[in-house]
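Listed below are the residues making up each chain.
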Amino acid sequence: MATLTENANWGTELWDQYDNLSIHTLKGIDFLERYGHFVRDRATIESEYAYKLRRLVKNYQPKKKDEEDYQFTSCRAFKALMTEINDMAGQHEVVAEDLQANVIRELTALVKDLREERKKQLQEGQRLSQSLQTQIESLQRAKKAYDKAFKEAEKAIDGFQKADADFNLSRAEVEKHRANMAHKTQTCDQAKNEYAVQLQQTNQLQRQHFRSGLPEVFRQLQDLDEKRIKNIKNFIKGSVELERNVFPIINKCLDGVLKAADIINEKEDTLLVIEKYKSGFQPPEDFPFEDLSKGGSDSGSANNLNNIQLGSKIKDGGYTVKGTITGKAMKKRAGIFNIFGSRGKLTEVCMAIKNAAIADGKEDLSELPPNQRRKKLMQKIEELKTKVTQETAARDGLMKMKGVYEGNPALGDPRTIESQLNECSHRLEKLQQDLVRYQGYLDEVVKGIQSGNLTNSVTGSPRLLNGSSRIHRNSGGSAAEENSLSRSASDSSVTNTTLNNIKRSAPGTPQLNHGPESGLGTSHTSLHHADSDQDQYDGNHADPESEYYEADVLPAIGICRALYAFEGTFSASEGSIPMAQDEELHLIEVDQGDGWTRVRRINGEFEEGFVPTTYIETSLFNT
């Protein structure tokens, strides 16, 4: 290895390989440039990979409509995984940027320097070679001149000798040959001397060229080539270090992916499914046995079966029925609302209800099951509280600024703050009204869940207050178990939809525009059933039991006191009734989650109807 190192000198070992060394150094620099292109393409791939990773994460980010599903542990883990993948993409971007800044840029500058240095050394080598070639050409010319002079001198000498031996020539001609011989001999001596000088100079220049000049050029080319090779080594190592620097972070990202996987809990997701889809309804009660041997029970049994079927059907237009109402209960409603007198009026009211439901947007979320409605209302209330806090802070800041301006007018005109303060106050007032309204909705739901008076959305069978049924005696004296006129029995087909779409009244909110008599369901199933059985409760067709049901008075189940005055917008025969503040009324039915409670006046003539639940304070009788 020592001998190899000592002999590793292009100037001495490759003194005659100028052209090959020129080609070799050119190929070496081209190779370095090719390696630079490789690193550049590698950086491009890293950048594109990072971009595609980020785009992948972006494409699989949960949409706004799917955000609710990301409460499950598996979905949360997937979201955390995407975050880690996004961080990994950032590390690949770091690799691409470092390769561009620390390798490609330096490599490009090195290629440029090497090309310039090689060109300079090759030009120097060409200059030295050209000088030596010029000197050799001078030597050759001197030698040719000497050869010519020598031959002419020999010829002149030979001519003189012949003339001197020829006795026929005159002495003058002999002298002429002598003179020519002397001239040619002198010219030959001069050419010889010139040739000797040129030979000496050429040999000296040639020794200098091959021992110092050209070896120095080759040494410079050797250093250039070794520098190129050494830098390729450094660039490769540097690229590896750049990647190693991001490995710890990538490993942390992978550790984050593993942690995301560890948070997946199948039992927790199972409980979340229960929490998400639990309706709060109770399973339906057993179907009562209908003894056909006793008269008057066929129609009731048929009605019950029809109602059960209606509760699970979907008819024209796709409206679903959450609860149904029997024909008898429908006739009771007719006594209160007075809207089932004719088919035309029924259709007109139903169309009005449908339009109102579409326009309102169900801000009280009453289309949801009680448990889900409670959760959504709590989320809405939290949002409103946050907004109220923000608006309150903004208003306080504006008031402080106005006080500063009033104390020191030089700082600003307080009138410029008033418009902003008024807008902020209006927004705050609206938010507070919304908060009170949604709190009222939440109270209704909580009361409904606590009282257990919920309707099963599958069969439409109501759960009566305290789990009991009211018993009415028919004209034949037999006991027929009938459900009370609970709005839970007709949440979807009669009252639920529109009551959900009516603006609820609360302290500080606008007066109601509709009463509970607008509570006909928009369900096509309900309307179809009503139309098909119109003759049973049409005012123009007599029914043996219609007078009984219209005249039936439900017993009071408690007392309520009016917290606020309420002016009913309809007559008592059509639904809501007015009440004065602190007035006491009999409680006929509790709120079924639609925001209305059925009451009856204690004193005076018989007057019964619905009032807003948030306007009263109730007290149930002990049963």
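Residues numbered from 1 in each chain as written. Predicted model: local features only at pLDDT ≥ 70, side-chain atom pairs only at ≥ 80, totals over all residues. Heavy atoms only, no water.

The name recorded for the protein in an unreviewed UniProt entry is Formin-binding protein 1-like, from Dendroctonus ponderosae. Word for word, the UniProt comment on the protein under Sequence similarities (unreviewed entry) is "Belongs to the FNBP1 family." (UniProt positions renumbered as here; feature names shortened; annotations may be inferred.)

Enquirer: Looking at this structure, how should I read the side chain of Arg601?
Expert: Examined against the element boundaries, Arg601 turns out to sit in strand β7 (residues 596-601). In this structure the side chain of Arg601 is engaged in a polar contact, spanning 2.5 Å, whose partner is the side chain of Glu583. When near neighbours in sequence (up to four residues on either side) are disregarded, Arg601 contacts Ile577, Pro578, Met579, Glu583, Leu585, His586 and Glu607. (Helix = DSSP H or I, 4+ residues; strand = E, 2+ residues; numbered from the N terminus. Polar contact = N/O pair within 3.5 Å; in protein donor to acceptor, adjacent residues only side chain to side chain. Contact = heavy atoms within 4.5 Å.)

Enquirer: Just checking my understanding: could you explain the pattern of salt bridges for this structure?
Expert: Where side chains of opposite charge bring their charged atoms close, a pairing between them can arise. Scanning the entire structure with this criterion turns up 30 salt bridges. Its salt-bridge partner being Lys162, residue Asp158 comes within 3.6 Å of it at the nearest N-O pair. Of this pair, Asp158 and Lys162 both sit in helix α4 (residues 73-165), four residues apart, which is roughly one turn of the helix. Residue class for Lys162 comes out exposed when judged on its relative accessible area of 57%. Residues Asp413 and Arg415 are paired through a salt bridge, measuring 3.1 Å at the closest nitrogen-oxygen approach. Overall, Asp413 belongs to the partly exposed group, its relative accessible area being 31%. By relative accessible area, which is 61% here, Arg415 ends up exposed. Through salt bridges with shared partners, one network takes in Glu589, Arg598, Arg600 and Glu608. (Salt bridge = Lys/Arg side-chain N within 4 Å of Asp/Glu carboxyl O. Buried < 20%, exposed > 50% of the residue type's maximum accessible area, 1.4 Å probe, protein only.)

Enquirer: Looking at this structure, I do not really get the packing of aromatic side chains. What am I missing?
Expert: Two measures describe an aromatic ring pair: the distance that separates the ring centres and the angle between the ring planes. Taken as a whole, this structure holds nine aromatic pairs when the rule is applied. Seen from their ring centres, Tyr564 and Tyr615 are 5.5 Å apart, and the 75 degrees between their planes marks the pair as edge-to-face. With Tyr564 in the loop between β5 (558-562) and β6 (584-589) and Tyr615 in the loop between β8 (608-612) and β9 (616-620), this pair connects stretches of sequence that are 51 residues apart. Relative accessible area serves as the criterion here: at 32%, Tyr564 is assigned to the partly exposed category. Site record: aromatic cluster; members linked through ring pairs are Tyr564, Phe566, Trp596 and Tyr615. (Phe/Tyr/Trp six-rings, centres within 6.5 Å; stacked < 30°, edge-to-face > 60°.)

Enquirer: Is there a simple way to explain the sheet that holds β9 in this structure?
Expert: The pairing of strands in a sheet happens through backbone hydrogen bonds and is either parallel or antiparallel. Read across the sheet, five strands follow the order β8-β7-β6-β5-β9 without closing on themselves; strand pairing throughout is antiparallel. The open sheet terminates on both sides in strands that have one partner only, identified here as β8 and β9. Direction aside, the axes of adjacent strands within the sheet are offset by 40 degrees on average. (Pairing = 2+ DSSP bridges. Axes fitted to C-alpha atoms, helices over the stretch in contact; angles between N-to-C directions.)

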